[in-house]
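# Residue-level structural notes
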Amino acid sequence: ITSAILEVLDSTIVNVALPQMAGNLGATSEEIGWVSTGYILSNVVVLPMTAWLSGRFGRKRYLTASIFIFMIASFFCGTSSTLIQLVFWRIMQGAGGAALLSTAQATLREIFPARQQGMVQSIYVLGIIVAPTVGPTLGGWITDNYSWPWVFFVNLPLGLISAAIVYFLLEDPDYQVRHTKVDWGGIGLLAVGLGTLQYVLEEGNSEDWFESAMIVRLSIISVVSLVSLIIWEMHPRNPGPIVNFRILKNKQLSASMLLFVALGFGLYGGIFIFPLFAQNILHFTPTQTGMVLFPGGMATAASALFCGRLLSARKLKINPRYLIFSGLLMFAYSMWMLGHLTTLSGEPDTRMGLILRGFGLGLLFIPINIAALSSLKGAEVPQAAAMINLTRQLGGSFGIAVLGTYVTNRSAMHRAALSRNFYSGNPMFQDRLHAISGSLTLRGLDPVSASNGALKIIGNSVRVQASTMAFNDCFILIGLALILVSPMVFILKNSNSAPVADAGH
């Protein structure tokens with residue numbers, strides 16, 4: 001559980017420090033987004049390989065080695081002097097972190113008896129839900145009191161503790177399935193398809209999308225690679241597909257995966273854009289940003305425990321669909337609240353929306369997991385669990401990329417719309433211009449300098465207002481994404497008899 005929390009925590013702890021990283025490394029907001037996107041993308045690519053690697057090298061050795069890879073990459077992230085170096089080591093860090101999540105799930109399912117699985121898996125799920133929300137709080141405190149490299153250096157002592165526990169206390173199972181084959185073709189197609197798609201999403205806006213020959217070529221490569229991946233994985237001659245698409249015939253699993261894509265989009269995408277909005281527009285410090293997010297994490301913890309107790313109570317026949325609908329409504333309404341913040345909003349204005357968002361999250365993850373796995377048997381369960389983790393991570397990766405592009409486009413659109421009001425025949429503009437010019441003249445500026453200064457002040461005000469409206473649009477977009485996938489809940493059957501132990505698997 002410690003290693004799993006370390007992996008999930010690190011995927012969000014850096015978000016509060018992104019503005020400081022961008023300033024120190026001379027990167028734009030779109031470029032610095034690759035610090036988060038690169039981590040998630042490499043994590044997604046390696047995740048399907050973890051079972052094969054664990055069988056090939058042994059669970060203890062593979063998990064211990066992955067923790068050390070994670071720590072080494074963390075050290076070099078903190079010592080990076082350029083954006084390229086930082087993104088490269090974040091990709092390596094994400095590759096090492098894949099085992100920390102998936103292997104932890106398989107291990108917990110195996111080493112604890114059935115009567116303890118409910119408690120163990122509830123604690124596990126609680127950790128991986130709360131950690132992404134608590135991460136910005138810790139990241140903000142570290143950034144304010146030290147500097148952004150310490151966001152990575154903090155992983156070193158935690159990683160050593162986790163590695164020691166794994167090495168000295170964890171044992172390999174009595175049986176050891178030695179995997180000798182791996183679907184390298186599927187892995188290659190997956191990496192190329194997702195990598196090129198992510199580049200298109202990240203850089204398409206700055207390259208004017210399909211006006212760029214590079215974007216067009218990479219888009220074609222992405223589509224061809226992903227289509228080829230599906231064909232290759234479904235081919236009967238494939239000895240061991242890395243992604244078993246045949247399992248998607250199960251409607252409950254497919255519906256749950258769509259819900260997890262939207263949840264990943266909202267969870268990771270929201271945590272990515274909120275610190276940018278809070279620090280760049282509301283002028284919160286990193287610590288303030290983290291402290292505003294912290295109560296939402298506690299709300300998630302409370303609602304997750306509440307949800308787990310309801311679903312495990314034998315006397316209560318709670319339909320998980322009711323909890324999922326309640327969580328979706330809370331999450332969507334919280335995005336509506338955050339989508340109506342202004343440049344004058346303070347901590348109290350943001351806190352309530354984030355608390356409601358956190359409580360809604362706690363009502364979503366466990367019942368969706370239960371509904372997804374309740375109709376599966378045998379070898380289908382671990383395959384489904386891997387795909388659920390994959391879709392959640394992919395949703396987060398797309399969320400960061402899409403929202404980063406969306407806020408840039410919407411800022412430009414709103415700024416152009418607001419600037420159309422700046423003309424000499426507009427009495428409101430003239431009154432505002434004369435008022436500011438007069439104030440600057442009283443401070444000792446000559447009329448020409450005062451007029452130029454007034455235009456700069458108004459222009460900056462328009463820029464900030466346009467950015468605020470763009471961030472509002474991003475929160476509303478997250479809410480709409482959840483509403484669009486909400487009909488999937490009707491496909492889910494009443495699985496209140498499913499054991500809570502399956503929630504984390």
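Structural data are supplied above this passage.
What counts, and where the lines are drawn
- Residues numbered from 1 in each chain as written.
- Predicted model: local features only at pLDDT ≥ 70, side-chain atom pairs only at ≥ 80, totals over all residues.
- Heavy atoms only, no water.
- Helix = DSSP H or I, 4+ residues; strand = E, 2+ residues; numbered from the N terminus.
- Buried < 20%, exposed > 50% of the residue type's maximum accessible area, 1.4 Å probe, protein only.
- Contact = heavy atoms within 4.5 Å.
- Core = buried A, V, L, I, M, F, W, Y, C linked by side-chain atoms within 4.5 Å.
- Expected span 1.5 Å × (residues − 1).
- Arc of directions from axis to C-beta.
- Salt bridge = Lys/Arg side-chain N within 4 Å of Asp/Glu carboxyl O.
- Phe/Tyr/Trp six-rings, centres within 6.5 Å; stacked < 30°, edge-to-face > 60°.
- Patch = residues over 30% accessible without salt bridge, like charges linked within 9 Å, V, L, I, M, F, W, Y side chains within 5 Å.
- Areas by Shrake-Rupley, 256 points an atom, 1.4 Å probe, with all protein chains shown as cover.

## Thoughts on the environment of Val35
Relative to the helices and strands, Val35 resides in helix 4 (residues 34-46). For Val35, a relative accessible area of 0% puts it in the buried group. Sequence separation between Val35 and Cys77 is 42 residues, and the spatial gap between their C-alpha atoms is 9.8 Å. Not counting chain neighbours up to four residues away, the residues in contact with Val35 comprise Val14, Leu18, Met21, Leu83, Leu86, Val87 and Arg90.

## Comments concerning the nonpolar core
If you look at the biggest cluster of nonpolar residues, it comprises 114 residues, and the most contacted ones within it are Met21, Ile32, Val35, Leu86, Tyr124, Leu263 and Ile273. Looking at which element gives the most residues to this core, the answer is helix 13 (residues 251-280), with 17 residues. Of all hydrophobic cores here, the second largest spans eight residues; its members include Phe429, Leu433, Ala450 and Ala454.

## Concerning helix 10 (residues 155-169)
Think of an α-helix as 3.6 residues a turn; residues three or four steps apart then line up on the same face. The first and last C-alpha atoms of helix 10 sit 21 Å apart over 15 residues, in line with the 21 Å expected at 1.5 Å per residue. Here helix 10 has its buried residues at Asn155, Gly159, Ser162, Ala163 and Val166. Burial along helix 10 is one-sided: seen end-on, the buried residues are contained in an arc of 100°. Of the exposed residues in helix 10, those oriented more than 90 degrees away from the buried face are Phe168 and Leu169.

## Considering the pattern of salt bridges
With the rule as written, the count across this model stands at two salt bridges. One salt bridge connects Arg351 with Glu347, and the closest N-O pair in it is separated by 3.2 Å. Taken together, the residues Arg351 and Glu347, both in helix 16 (residues 347-362) and four residues apart, mark about one turn of the helix. With a relative accessible area of 24%, Glu347 lands in the partly exposed category. The partner of Arg410 in a salt bridge is Asp473, and the shortest N-O contact between them spans 2.8 Å.

## Overview of unusual backbone geometry
Unlike most non-glycine residues, His283 shows phi in positive territory, near 60°. Within the secondary structure layout, His283 lies in the loop between helix 13 and helix 14 (286-312).

## A short note on the packing of aromatic side chains
Summed over all chains, the structure comprises 11 aromatic pairs. Seen from their ring centres, Trp148 and Phe152 are 6.2 Å apart, and the 90° between their planes marks the pair as edge-to-face. With a centroid separation of 6.3 Å and an interplanar angle of 85°, the aromatic rings of Phe277 and Phe475 are classed as edge-to-face. Separated by 198 residues along the polypeptide, Phe277 in helix 13 and Phe475 in helix 20 (residues 447-485) bring together distant segments of the chain. Owing to a relative accessible area of 0%, Phe277 belongs among the buried residues under this scheme. On the basis of relative accessibility, which here comes to 1%, the residue Phe475 falls in the buried class. What links up through ring pairs into an aromatic cluster is the set Phe75, Phe76, Phe88, Trp89, Trp150 and Phe153.

## Considerations on a nonpolar patch on the surface
The grouping of Phe68, Ile72, Phe75, Phe76 and Leu160 at the surface amounts to a nonpolar patch, some 460 Å² of accessible area in total. The element contributing the most residues to the nonpolar patch is helix 6 (residues 59-78), with four residues. Assignment of secondary structure puts Leu160 in helix 10.

## Examining helix 15 (residues 320-338)
Between the first and last C-alpha of helix 15 there are 27 Å, a value that for 19 residues agrees with the 27 Å anticipated at 1.5 Å per step. Among the residues of helix 15, Pro320, Leu323, Ile324, Gly327, Leu328, Phe331, Ala332, Ser334, Met335 and Leu338 are the ones counted as buried. Buried residues of helix 15 fall within an arc of 160° about the axis and therefore sit on the same side. Exposed residues pointing more than 90 degrees away from the buried face of helix 15 are listed as Tyr322 and Leu329.

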